[in-house]
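The residues making up each chain are set out below.
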Amino acid sequence: MKILFYTPHSDASAWLHDLAQALPRADLREWKPGDTAPADYAIVWRPPRELFARRAGLRAVFNLGAGVDAILALEHAQPGTLPREAALVRLEDTGMAAQMAEYVTYAVLRYMRRFDEYERLQAERRWHVLEPHPRRTFTVGVLGLGVLGTHVAKTLTSFGLPVRGYSRSEKNIGGVATYAGAGQLDAFLDGVKVLVNLLPSTPDTHGVLNRRTFAKLARGAYLVNVARGEHLVEEDLLDALKDGRIAAATLDVFRKEPLSADHPFWNEPRITITPHSSAETLREESVQQVAQKIEALERGEAISGIVDLARGY
Ligand code: OXD
């Protein structure tokens, strides 16, 4: 079987090495511009459109991440970019859920225990005890209950916090109050103290973190965005911080990455910025999962993680 590999990052040789070990029968090559030679599978992260040109025989495209928005954007801008018969497959967990739970738990506990405010007091050399937020009203709302969101929500229940989860279709997660469908979004948001965004990035979810959403949260709420920058209306967050509706935000993703040096978010001390690093794609786990799925497809078996192109995730 012939397999193409592409990543815009510079570590292609390490991936190719590990994939060759996991799939010893495969004929693997790194895709380079101009390569239209036949391939059965493509393993890619943020590929250029050209990679898909004249790819009639392609059976599956494996996305080296949980979010397939970059590939779907190519398809939306030019329908037919993805070969019709090729399944688009996203990574499922591969160590990302644990990392995401660590990141979000850290952010939530930092705000609950007011460490963000202690950091500022320390900078001013001020010894001042702050009253902790009451746990029973420190409601965390997780927007998006896919593999990552479900793990994050479950993890947060272990701290005795009230946890809510919102998804498009109904989910049942022990200890989490779940809400489903557009009709229940307002009830989900009502009075939430920390809003954690883990939604897939689709035209339906873009801009969901906006002033109307913020207005429904508890006053002085916190925002944690670990999904995509397109979900956030940036000016609305800056306004909400100014008027106190949002107390602070932790942002890992941005509309334009890397975040430019003159972006106003850098000047806002109540925004904590990380460089899209909440949950990295782990090579060993990802290679194992993709290799197992390719072997399954070769045996004619069904695999999980196939993206519904119409739904967008
Ligand atoms: C992903 C990401 O989608 O890293 O996996 O953002």
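Given the structure is predicted, the values throughout are model-derived calculations rather than measurements.

Reading the values: the criteria
- Residues numbered from 1 in each chain as written.
- Predicted model: local features only at pLDDT ≥ 70, side-chain atom pairs only at ≥ 80, totals over all residues.
- Heavy atoms only, no water.
- Axes fitted to C-alpha atoms, helices over the stretch in contact; angles between N-to-C directions.
- Helix = DSSP H or I, 4+ residues; strand = E, 2+ residues; numbered from the N terminus.
- Contact = heavy atoms within 4.5 Å.
- Nonpolar A, V, L, I, M, F, W, Y, C, P; charged D, E, K, R; others polar.
- Parallel < 35°, antiparallel > 145°, perpendicular 65-115°, else oblique.
- Left-handed = near helix turned anticlockwise from the far one by under 90°.
- Pairing = 2+ DSSP bridges.
- Core = buried A, V, L, I, M, F, W, Y, C linked by side-chain atoms within 4.5 Å.
- Buried < 20%, exposed > 50% of the residue type's maximum accessible area, 1.4 Å probe, protein only.
- Near = heavy atom within 4 Å.
- Polar contact = N/O pair within 3.5 Å; in protein donor to acceptor, adjacent residues only side chain to side chain.
- Areas by Shrake-Rupley, 256 points an atom, 1.4 Å probe, with all protein chains shown as cover.
- Domains from an automatic or database assignment.
- Buried area = accessible area lost by both parts, 1.4 Å probe.
- Salt bridge = Lys/Arg side-chain N within 4 Å of Asp/Glu carboxyl O.

Undergrad: Explain the packing of helix α3 (residues 96-112) against helix α4 (residues 115-123) residue by residue, including any values.
TA: With their axes 5 Å apart at the nearest point, α3 and α4 run at an angle of 65 degrees to one another. Between α3 and α4, the contacting residues are Leu109, Arg110 and Tyr111 on the first element and Phe115, Asp116 and Glu119 on the second. Per-class residue counts for the contact of α3 with α4 are 3 nonpolar, no polar and 3 charged.

Undergrad: Hey, could you go over the packing of α3 against helix α5 (residues 147-157) for me, with residue numbers and the actual values?
TA: Contact geometry of α3 with α5 gives a least axis separation of 9 Å together with a crossing angle of 45 degrees. The orientation of α3 with respect to α5, classified from their angle, is oblique. Considering how the two elements wind past one another, α3 and α5 form a crossing that is right-handed. Each of Met96, Ala97, Ala98, Met100, Ala101, Val104, Thr105 and Val108 in α3 lies in contact with α5, whose residues at this interface are Leu148, His151, Val152, Thr155 and Leu156.

Undergrad: Residues and numbers for the sheet that holds strand β4 (residues 60-63), please.
TA: Here 5 strands make up an open sheet; going across it, the order is β2-β1-β3-β4-β5 and the pairing parallel. Every interior strand has two partners, whereas the edge strands, β2 (27-30) and β5 (87-89), have only one. Here the average twist between neighbouring strands, direction ignored, is 20 degrees. Inspection of the sheet shows strand β1 (residues 2-6) paired to strand β3 (residues 41-44) by 4 bridges, in the parallel sense. Within the sheet, the bridge partner assigned to Ile3 lies in β3 and is Tyr41. On the sheet, helix α1 (residues 12-22) packs against β1, β2 and β3 and is oriented at approximately 175 degrees with respect to β2.

Undergrad: Residues and numbers for the nonpolar core, please.
TA: One finds Ile43, Phe62, Val142, Val196 and Ile294 to be the most contacted residues of the largest nonpolar core, which totals 53 residues. Not counting the four nearest positions on each side in its chain, Val142 is found in contact with Gly149, Val152, Ala153, Leu156, Arg164, Gly165, Tyr166, Phe188, Val196 and Leu198. By size, the runner-up hydrophobic cluster in this structure holds 25 residues, among which are Leu195, Leu223, Ala249 and Phe265.

Undergrad: Summarise the site of the ligand; cite the residues concerned and give the values.
TA: By nearness alone, every residue bordering the ligand is listed as Trp45, Gly65, Ala66, Gly67, Met96, Arg228 and His276. At a separation of 2.7 Å, an oxygen atom of the ligand approaches a polar backbone atom of Ala66. Within the contact set of the ligand, an oxygen atom lies 2.7 Å away from a side-chain nitrogen or oxygen of His276. Burial of the ligand by the protein amounts to 88% of the accessible area it has alone, namely 210 Å². Broken down by class, the residue content of the shell around the ligand amounts to 3 nonpolar, 3 polar and 1 charged.

Undergrad: Break down the domain arrangement of the protein chain for me, with residues and values.
TA: Put simply, an interface is often sized by how much accessible area is lost when its parts join up. By domain assignment, the protein chain separates into domain 1 (2-94 + 281-298) and domain 2 (96-273). Inter-centroid distance (C-alpha atoms) of domain 1 to domain 2 is 32 Å. Facing 12 residues of domain 1, the contacting portion of domain 2 comprises 8 residues. Buried surface at the junction of domain 1 and domain 2, both sides included, amounts to about 740 Å², of which 56% is carbon and sulfur. Considering only the side of domain 1, the residues that lose the most area to domain 2 are Ala66, Asp69 and Asp93, jointly responsible for 55% of the buried surface there. Here domain 1 is connected to domain 2 by 1 salt bridge. Between Arg228 and Asp69 there is a salt bridge, with its nearest N and O atoms 2.9 Å apart. One can count 4 residue pairs in polar contact (both at pLDDT 80 or more) joining domain 1 with domain 2. Of the residues assigned to the side of domain 1 that touches domain 2, the class counts are 4 nonpolar, 5 polar and 3 charged.

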